[in-house]
Amino acid sequence: MWESNPDCLFCKILAGEIPAEIVYESDSAIAFRDINPQAPTHLVIIPRKHIATINDIETGDNALVGSLYSAARDIAAADGFADDGYRVVMNCNEAAGQTVFHIHLHLLSGRSLSWPPG
Ligand code: AMP
Ligand code: ZN
């Protein structure tokens, strides 16, 4: 059983207590549509284990965190935007704009994305 936090929004989505449009599921991760999309495709990919921030990732979590990137790769291939391109980004703490404290990769595609980000 994965560690969970009863006060965490994304743990509640994992538990089915809050609805989300889940588009991908594996043993270690799920992806769902962001409620406030910043691109034509904007998914949130989360591990099934509650980890609050990048700072809280432990060595034993490396495969779990890697599986978030495998999810992004597989979704991009399945949805046909792998070759056009896409962005994955994970914010850490307030200065970077993290608002939900359960690590997540944003997966953005479907429009041209500028760099550097704001
Ligand atoms: P961050 O600001 O990096 O922590 O990203 C949190 C993301 O979660 C934001 O893009 C929000 O729009 C998104 N979000 C918040 N609540 C929900 C929800 N109930 N379902 C889907 N996405 C959500
Ligand atoms: Zn959580």
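Look up a bit, the structure's there.
Keep in mind it's a predicted model, so treat the numbers as computed, not measured.

## Here we look at the packing of aromatic side chains
1) Next: This structure, assessed with the given rule, holds two aromatic pairs.
2) Next: Each ring, one from Phe-10 and one from Phe-32, has its centre 5.3 Å from the other, and the planes form 75 degrees; the classification is edge-to-face. A residue pair is termed long-range when its members are at least 10 positions apart, and Phe-10 in helix α1 (residues 9-14) and Phe-32 in strand β2 (residues 29-33) qualify at 22 residues. Each of the two residues, Phe-10 as well as Phe-32, counts as buried.
3) Next: Aromatic pair Phe-81 and Tyr-86: ring centres 5.6 Å apart, planes at 70 degrees, arrangement edge-to-face.
4) Next: Here Phe-81 falls in the buried class, since its relative accessible area comes to 8%.

## Quick word on the coordination of the zinc ion (ligand 2)
1) Next: Protein coordination of the zinc ion (ligand 2) is provided by Cys-8 (SG), Cys-11 (SG), His-50 (ND1) and His-102 (ND1), with donor distances spanning 2.0 to 2.3 Å.
2) Next: For the zinc ion (ligand 2), the four donor atoms are set out with angles of 106 to 116 degrees between them, so the coordination reads as tetrahedral.
3) Next: Every donor residue of the zinc ion (ligand 2) comes from the same chain, spaced as C-x2-C-x38-H-x51-H. With His-50 in the loop between β3 (41-47) and α2 (62-79) and His-102 in the loop between β4 (87-89) and β5 (105-109), this pair connects stretches of sequence that are 52 residues apart.
4) Next: The buried category is assigned to His-102, whose relative accessible area is 0%.

## Observations regarding the site of ligand 1
1) Next: The full set close to ligand 1 counts 14 residues, and Asp-34, Asn-91, Gly-97, Thr-99 and His-106 are the nearest of them.
2) Next: Within the side chain of Asp-34, a nitrogen or oxygen atom sits 2.5 Å from an oxygen atom of ligand 1.
3) Next: For ligand 1, the protein covers 84% of the area, taking 500 Å² as the surface of the free molecule.
4) Next: Because more than half of its atoms lie within 2 Å of the grid, ligand 1 is assigned to the largest pocket.
5) Next: Secondary-structure elements contributing two or more residues to the shell around ligand 1 are α1 and β2.
6) Next: Along the lines of polarity and charge, the residues of the shell around ligand 1 split into five nonpolar, seven polar and two charged.

What counts and what doesn't
- Residues numbered from 1 in each chain as written.
- Chains lettered and ligands numbered in written order.
- Predicted model: local features only at pLDDT ≥ 70, side-chain atom pairs only at ≥ 80, totals over all residues.
- Heavy atoms only, no water.
- Phe/Tyr/Trp six-rings, centres within 6.5 Å; stacked < 30°, edge-to-face > 60°.
- Helix = DSSP H or I, 4+ residues; strand = E, 2+ residues; numbered from the N terminus.
- Buried < 20%, exposed > 50% of the residue type's maximum accessible area, 1.4 Å probe, protein only.
- Donors = N, O, S within 2.8 Å, 3.2 Å for Na, K, Ca; no water.
- Tetrahedral: all angles 85-135°; square planar, octahedral: opposite > 155°, others 65-115°.
- Near = heavy atom within 4 Å.
- Polar contact = N/O pair within 3.5 Å; in protein donor to acceptor, adjacent residues only side chain to side chain.
- Areas by Shrake-Rupley, 256 points an atom, 1.4 Å probe, with all protein chains shown as cover.
- 1 Å grid on protein atoms, 1.4 Å probe; cavity = no way out; pocket = protein on both sides within 12 Å on 5 of 7 lines; lining within 4 Å.
- Sits in = over half its atoms within 2 Å of the grid points.
- Nonpolar A, V, L, I, M, F, W, Y, C, P; charged D, E, K, R; others polar.

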